Every structure is written in structure tokens, then in C-alpha cells.
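Topology and contacts: notes
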Amino acid sequence: MLAADPTLKCVTCYARISFDGRVKDAHGIEDQHRGMTEEARKLGWLVVYRYTDNDKSASKESVVRDDFEQLLADLATGTTPEGYPIHGVMAVNDDRLYRRPSDWERYLKAFTSHEGRVYHDSNGVQDLYAEGFEIKGLVGVAMSLSETRKKQRRTRNSHRSRALRGQSVAAWRPFGWEDDKITLRPEEAEAIRQAVKDVIAGASISEITRRWQKAGFITSRGNPFQYQTVKQVLQNARLCGYRAIKGELVRDGDDQPIVGEWDAVITPKQWFAVTAKIRERGGSGAGVPRGGLVHKYLLTGILRCGNVLEDGTTCNGKMVGIKANDWLRYEHAYTCKGTVDGGCHKTYKRGDKTDDIIEKLVIKKLKKEAASKAKDVPDWDKAEALKRAVNSRNELERRWHDDEDTEIDDETFFRNLPVLERRLKDLRADRRNHEALKAEAEAAKEDIEKSWDSKTLTQKRTAIKKVLIAVVAQPGGKGNKAFDPELLKPVWKTSE
Ligand SMILES: [Zn+2]
């Protein structure tokens, strides 16, 4: 066709949808491509390739858009993956292609790397080679950034207004209700009712959790119930028809809680009682079972990510333990959480070696502390006093025994002896105590290594947290590279 018509434009189309909250983008992928194909036909262009990024946001830095990257690469080489020449690009709107200045710059660079290309979007055919277009594009990016923010605000606002109207804002079917989120699912509602009654009467969340697991209940997302999810269910204001946003009940103008349009499982009175009971028991309110959250891995939350981010700050995200991939020789690893959880996802450490190094460091530190504590026990300072007391008593005896030049009669002797004896006894007891103290401190020093191995994971974590504030893990040493202990920096607590 090209040979027959050298002026024919072979163009590629780019389509993208993102998930904006839970509402699908207005333009479905198919709609976008259909629209572009029609436009191409009108312009006499030939669509030679379709790039599609499904469910990808263009405003988030962390999201890699595979087809967008492919498009940039193809624009640079000049041909599609199948080898067709690329004479142009189409998009429904330029915000499909880029929403961030850096993407715009990369796109423009790739596009203009070849002469004579055409570009088409909702504004018609545009000349990307024209002077000033860089600026125009950047302004567009700025506009779409503000548009994104506005949309986010809108979602938030509509959440609140729905709540004010008493309408359900739940994304998932809440446990206890049918899919319409209004009608009760009898067996689940009954389980909640019973649980509320029992918790008010003193049952623990753990007991309820076990009961629900045994009964085969699963959360509306399809997972088995855990302590946390049971607790969330029981604390949800929805149970009594109320609605809470960020822990606050939504109230009307008269300060009365808004009552939802859905059926209630329990009365407001019961709900207040059960939440009060859970709060009272939770103590700190941190939402952990009594006895503390049981960790599976030694250094979860103790390791912090030391990756330096683009803006020069350190990530400092709490790293979590994860099960290592099956093909690896070690069983667990630590990783900085993904960006949605406030991490950078850049630092990864194999678990066995990391645990080993930190344990050794902590043992060394504990030993040193024990040694200095042993040294802190001073020598016994009453040795002189004891010697004098012994002498005095001997002297008294001697003088009493020596008949000739006796100055001490029986009466004097027996009156003085108990005083001296008691003094001796006190001093010797004091010396014994002191020696025991010293011995104990010395023994502790020897014992640390031995007793460490018999500690449970929780005990070890407690011991570690006593001396360490955190361990900062710098990225590196992943894959085949040797594990570098120097990349782990302990932050010790100062003993005072
Ligand atoms: Zn990080």
C-alpha cells in the first residue's frame, strides 16, 4: 500500500484506562480504539498498531505502563513490533498519553526523533514539531494534574454526601448483609448478634475469631476471619445503622447520628456497649491481641529502609518479613513495602543472613552491657571495718582470758561480746550479699549467648528492641551479589 501511495500515513493508536477509585474510566479501551479507528479512516490514515495500557494510572510515578514504554521505544526506532513504519500517533485525549511532565518530555523526544510525523487527539491534528509546543504540552500536563486532584476531591466529597444521605458507601458487601448491602444475610447477622452479646459478657475477640473460623464464615472479600477482621466487623457503626467516617459518627444538623437506609443487626445501645468493651480491653487501642502481636519474622518493623529517594530524603519505611520464593536457598526475606503502604519497595534483604548478623550484634552488645554492669559493682568497701571488728573481738577475748593483768571481768566481757558478735555477723552478711551481686553480674555476661538460643522469637524481639531503636538497611546485595553486612546499620539506644 505504501508503494502505491507514498503519502499514506501509518499510525499507531494509544489507549489507556485507569481505575479511578472503583468507578471505571469513562472511556473504555474498546470505545477509545473504535473512536480512533474512525478518525483515522476519515483522515485517510492506516492504523498499524494499537497500544493498550489497561487499568494503569498515568499520574502515579510508581506505575509502569508497559505499552506506553513500548510506544516510546518504537517511536525511537521508527517501527512497530511487527516492523511497520510509524508515521503518527493517535490518542483519544493527550491525558491518555501523559499526565506527568517527565512522561511528556520523553514522549515528545521519542515522537520528534523522526521527521514528518502526525499526531491526533480530541483537539484534532496537531503539530508537535511546532515551536512552543513543549510549553503547550506542559501546560496541558499541569491542567490534567489539577484535574486529577479535583477528581480525587470529588470522590471524597461524594463519599461524604452519600454518607450524609444515609446511603451505603461500602465498596464490598459488608459481612452480615446481602449483596444489595441493605438486606441482612440471616446466618451472618445472627453470628454477629451472638458475638456482640458474648463480647459484652466478657468473651474475647480471639474466641469469636476461632468460632467464626470453625463455622466456616469468610469475610466478604473471601478470606478466613482473623482477629483484626472480626474486631473491625464488631466495631463497625454500620451494625446499628450508624455510619462513621474515620472513626467519627456522621451526624446531622441536630448532632444526631445519621441512620442508614440498611437494616441494622443490633441496637445503637448494644453497639456502644460492644465498642466500649473492645476499647477498654484493647488498652492502647493499637488493635493488637492481648499478649502483643505475634510476629513471624525476627526483624519485622525493626528493619527500616535506608534507600535514598529522588528528593534526597531517606525512605525510612518499616520493612516487613515475607516468605522467600521457593527456588531460593533461604526461607524468608525482608522488604520495604510498596508505595501504597508508604514504602519505596526498593530494599530487599535475605532473611537468614540479616537475622544472623543482627542477632550476633545484639548478643555482643548485651554482653558488653553485662560486662560493664559487672564492672560497675565496686569492690566491697567494708573490709577494713570487718578486720577491725574481728580484732576487737579477739582482743576482748584475749584480755578476758589473760588472768594476770586482767582488766575485763566476766560481766564486762559478756556485756560487750553480743555487740561485737552482732557487728561481725552484719558485716559478714553484707560481704556475702556483695559477692553474690558481683557473681551474678559476671554470670550474666557468660550466659547471654547460651540463653539466647533458648529464647522464643517474641523474647528475642523484646531483647532486640531493648537495645536497638532500629536497623537501617541500605539497598543492594540482591540477586547474585554477595550479601553485604556493611549495608545494615544498627541504631543503638543510648543506655541512659
Ligand atoms: Zn523503602
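Residues numbered from 1 in each chain as written. Predicted model: local features only at pLDDT ≥ 70, side-chain atom pairs only at ≥ 80, totals over all residues.

Right, let's talk about the overall build of the protein for a bit. Within the protein one finds 13 helices and 15 strands. Put simply, the protein has 496 residues, and 23% of those count as buried. (Helix = DSSP H or I, 4+ residues; strand = E, 2+ residues; numbered from the N terminus. Buried ≥ 20, exposed ≤ 12 C-beta atoms within 10 Å, placed from the backbone.)

What follows covers the packing of helix α2 (residues 66-77) against helix α4 (residues 101-111). Close contact between α2 and α4 brings their axes to 8 Å; oriented N to C, the two are set at 30°. Classified by the angle between their axes, α2 and α4 sit roughly parallel to one another. On the side of α2, the interface is formed by Leu72, Leu75 and Ala76, while α4 contributes Arg106, Tyr107, Ala110 and Phe111. A per-class count over the contact of α2 with α4 returns six nonpolar, no polar and one charged. (Axes fitted to C-alpha atoms, helices over the stretch in contact; angles between N-to-C directions. Parallel < 35°, antiparallel > 145°, perpendicular 65-115°, else oblique. Contact = placed C-beta atoms within 7 Å. Nonpolar A, V, L, I, M, F, W, Y, C, P; charged D, E, K, R; others polar.)

As a further point, take the nonpolar core. Formed by 23 residues in total, the largest nonpolar core has its most connected members in Val11, Cys13, Tyr14, Val89, Met90 and Ala91. Every element with two or more residues in this core is listed here: β1 (10-16), β4 (46-53), α2, β5 (88-91) and α4. Per-element accounting of this core gives the leading share, four residues, to β1. Excluding residues within four positions of it along the chain, Val11 makes contact with Ala40, Trp45, Leu46, Val47, Val48, His87, Gly88, Val89, Met90 and Val118. (Core = buried A, V, L, I, M, F, W, Y, C linked by C-beta atoms within 7 Å.)

Sheet strands line up and pair through hydrogen bonds in the backbone, either parallel or antiparallel. Judged by pairing direction, the sheet is mixed, and its three strands sit side by side in the order β10-β14-β15 without closing on themselves. Bordering the open sheet on either side are β10 (303-305) and β15 (488-492), each of which pairs with just one other strand. Across this sheet, the average inter-strand angle for adjacent strands is 30°, counted without regard to direction. (Pairing = 2+ DSSP bridges.)

Okay, the UniProt feature "coiled-coil region" (unreviewed entry) in the protein next. Mapped onto this structure's residue numbering, the UniProt feature "coiled-coil region" (unreviewed entry) falls at residues 417-451. Annotated as residues 417-451, this span is 100% helix and 0% strand, and its ends, taken at the C-alpha atoms, are 48 Å apart. (UniProt positions renumbered as here; feature names shortened; annotations may be inferred.)

Our next topic: the sheet that holds β4. Spatially, β4-β1-β5-β6-β7 is the arrangement adopted by the five strands of the open sheet, whose pairing is mixed. What marks the edges here is a single partner per strand, and that holds for β4 and β7 (124-126). Averaged over all neighbouring strand pairs, the angle between strand axes comes to 25°, with direction disregarded. As paired strands, β1 and β4 are joined by seven bridges and run parallel to one another. Bridge assignment links Ala15 to a residue of β4, and that residue is Thr52. Sheet strands touched by helix α1 (residues 29-43): β1, β4, β5 and β6 (118-121). Its angle to β1, the strand with the most contacts, is close to 155°. Relative to the sheet, α2 contacts β1 and β4, its axis offset from that of β4 by approximately 140°.

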